[in-house]
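Descriptive analysis of the structure
The residues making up each chain are set out below.
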Amino acid sequence: MAQLLKVHGSQNSFFILDQTKLQQPLSDEELVAFTKKITDPQNNILDGADGVLVVNKPVRAGAAAQMRIINADGSEASMCGNGLRTVARYVAERDSLTDFKVDTMNASLHVRKHEALAPGVPAFAVEISPVRFEKDALPYNNLGHDRLLDTPVPELLPGLRFSALAVPNPHLISFVSKEELNGPDLGELGARLNSDNPYFSDGVNVNFGHVLGHNALFVKTFERGVGFTNACGTGMSATSLAFALVKPNMVTFNEPISVYNPGGMVKTILHHNAGEYWIELIGNATFTHKLEISEDDLHQANLDITNTAETNEQQAYNDFVNNLPILEL
Ligand SMILES: N[C@@H](CCC[C@H](N)C(=O)O)C(=O)O
């Protein structure tokens, strides 16, 4: 029997599949078919998920594991911040580690166990890097600028200003009013830029940030390959850095920024060393269920789950969220 874990970071939810425990790892085609099926809420496996996090043996010297992230639509992303926290916890518990590196598509990233966010809410801190601003790093085209940093881009939406960052998955960011945050534009723009369009050939994660105060933000994200999500870790990290660059008087580097999101709250810390930016993302790594499935069924994307056990961690997470300040949004 193979084991799956249902997990979340700020209620951005995933299934973790540790391929090192399988007799035969899934092929890429099998991973895509399995991901599309298990994440689809219509298939009734714990309301689906935003993606599958695949744990493999490390591919670079010095790392403890490799993480791949397959989005719900079967596309593969180069990074996943909320997912990396949960994979960090999984590998930490599997291998008795507290501070180590995990390989992702473009980089080995430092992860470490962090003090709990609240009683019963385990937390991890993960490195988000490398950060790039050039249009080829996202990529985008036909927008008339080599970089977007608080730039009016009427081709995208008249009246808003945009920043674009790859961390290294691509993010488009706009700082908006409460009305704009709650209006239809985020969904419409996200859907437009993640279907055939002349600007973002690989799609893009779209984030609306709303400034709450000094080192405090609310971020809502329309995710590439997913749609609206409760939270996007790389999105909150990219939006935190854009916040500092666009509104420098509102942000202090090397100090925690509180980033609220529809699924809870994380902290980010911005760093700038030797000309490079990197971001630390700190937040919950919650395991809600353990599931069992046969290896044959995994390979055939047949969702015959033989056992599902709750971990009882979700109540502590709900208590943490219920104790957050009430935001008038
Ligand atoms: N939710 C993730 C990002 C997942 C990948 C994204 N959908 C993409 O395609 O880039 C996070 O927490 O960072």
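Sequence order sets the numbering: in each chain, residues are counted from 1 along the sequence as written. Residue-level local features of this predicted model are given only where pLDDT is at least 70; pairs of side-chain atoms are given and counted only at 80 or more, and the full residue set underlies all totals for whole chains, interfaces and linings. Just so you know, side-chain values use all the structure's heavy atoms and leave hydrogens and water out.

With that out of the way, let us pick up the environment of Lys-135. By definition, any uninterrupted DSSP run of H or I lasting at least four residues is a helix, any uninterrupted run of E lasting at least two residues is a strand, and each is numbered from the N terminus. Here Lys-135 shows up in the loop between strand 8 (121–128) and strand 9 (151–152). The cut-offs for exposure are 20% and 50% of the maximum accessible area for each residue type, with area from a 1.4 Å probe on protein chains only; residues under the lower value are buried, those over the upper are exposed, and the others partly exposed. Given a relative accessible area of 24%, Lys-135 falls into the partly exposed group.

With that settled, the discussion passes to the site of the ligand. We call a residue near a given molecule or strand whenever any one of its heavy atoms falls within 4 Å of it. Looking at the ligand, there are 14 residues lining it, with Gly-81, Glu-223, Arg-224, Gly-233 and Thr-234 nearest. Definition of a polar contact: a pair of N or O atoms within 3.5 Å, with one able to donate and the other able to accept a hydrogen when the atoms are protein atoms, and with sequence-neighbouring residues admitted only if both atoms are side-chain atoms. Take Asn-12: an N or O atom from its side chain is 2.8 Å from a nitrogen atom of the ligand. At 2.6 Å from an oxygen atom of the ligand is found a main-chain nitrogen or oxygen belonging to Gly-233. Residue assignment for the shell around the ligand shows that the elements contributing at least two residues are helix 2 (81–95) and helix 5 (233–246). Where each domain begins and ends is defined by an automated method or by a domain database. The residue makeup of the shell around the ligand includes at least three contributed by each of domain 1 (2–127 + 285–322) and domain 2 (135–277).

Next up on the list: the environment of Arg-68. Take Arg-68: it is sitting in strand 4 (residues 65–71). Along the sequence, Arg-68 and Gly-263 sit 195 residues apart, while their C-alpha atoms lie 23 Å from each other. Beyond its immediate chain neighbours, meaning those up to four positions away, Arg-68 contacts Asp-28, Leu-31, Val-52, Leu-53, Val-54, Asn-56 and Glu-76. Within the local environment of Arg-68, its side chain forms a polar contact with the side chain of Asp-28, the two groups lying 3.0 Å apart. We call two residues in contact whenever any of their non-hydrogen atoms come within 4.5 Å of each other.

Disulfides are covalent bonds that link the sulfur atoms of two cysteine residues. Whenever a pair of cysteine sulfur atoms sits within 2.5 Å, that pair is classed as a disulfide. A complete count under the given rule lists zero disulfides for this structure. A disulfide-free cysteine, Cys-80 has its sulfur positioned 7.0 Å from the sulfur of Cys-232, the nearest such atom.

This brings us to the pairing of strand 1 (residues 2–9). Burial of strand 1 is extensive: seven of the eight residues sit out of reach of the surface. Two strands qualify as a pair provided DSSP detects at least 2 bridges between them. The pairing of strand 1 with strand 18 (residues 286–293) spans seven bridges and is antiparallel. Note that in strand 18 the partner of Leu-4 across the bridge is Leu-291. Where strand 1 meets strand 2 (residues 12–18), six bridges bridge the pair, whose relative direction is antiparallel. Along strand 2, the bridge assignment pairs Lys-6 with Phe-15.

Another point: the packing of aromatic side chains. Classification of ring pairs rests on two measures: the distance between centres of Phe, Tyr or Trp rings, Trp counted by its six-membered ring, which must be within 6.5 Å, and the angle between planes, read as stacked under 30 degrees, edge-to-face over 60 and tilted in between. A complete count under the given rule lists six aromatic pairs for this structure. Arranged with centres 5.4 Å apart and planes meeting at 75°, the rings of Phe-222 and Phe-228 form a pair that is edge-to-face. A residue is classified by how much of its surface remains accessible, and Phe-222, at 13% relative accessible area, is buried. An aromatic cluster of at least three residues, connected via ring pairs, comprises Phe-133, Phe-253 and Tyr-277. Two limits define a charge over a ring: the Lys NZ or Arg CZ must be within 6 Å of the ring centre, and within 35 degrees of the ring normal. A cation sits over an aromatic face here: Arg-89 above Phe-287, 3.8 Å from the ring centre.

According to the domain assignment, the protein chain consists of domain 1 (2–127 + 285–322) and domain 2 (135–277). Centre-to-centre, using C-alpha coordinates, domain 1 lies 24 Å away from domain 2. The interface is formed by 21 residues belonging to domain 1 together with 19 residues belonging to domain 2. Considering only the surface of domain 1 that becomes buried against domain 2, Ser-10, Asp-50 and Met-79 emerge as the three largest contributors, covering 30% of it. By definition here, a salt bridge exists when the distance from a side-chain nitrogen of Lys or Arg to a carboxyl oxygen of Asp or Glu is within 4 Å. The interface formed by domain 1 and domain 2 includes zero salt bridges. The tally of links between domain 1 and domain 2 comes to eleven residue pairs in polar contact (both at pLDDT 80 or more). Residue assignment for the side of domain 1 that touches domain 2 shows that the elements contributing at least two residues are helix 2 and helix 7 (314–322). Classification used: nonpolar for Ala, Val, Leu, Ile, Met, Phe, Trp, Tyr, Cys and Pro, charged for Asp, Glu, Lys and Arg, polar for all others including Gly. Classifying every residue of the side of domain 1 that touches domain 2 gives eight nonpolar, ten polar and three charged. Here the quantity called buried area is the accessible surface, traced with a 1.4 Å probe, that two parts lose on coming together, added over both.

Take the pairing of strand 11 (residues 170–175) next. When you tally the buried positions in strand 11, you get six out of six residues, the bulk of the element. Pairing geometry for strand 10 (residues 161–166) and strand 11, over four bridges, is antiparallel. Residue pairing in the sheet places Leu-165 in a bridge with His-171 of strand 11. Linkage of strand 10 to strand 11, two consecutive antiparallel strands, is achieved through a turn of three residues. Pairing of strand 11 with strand 12 (residues 205–213), which is carried by five bridges, proceeds in the parallel orientation. Its bridge partner being in strand 12, Phe-175 is matched across the sheet by Gly-209.

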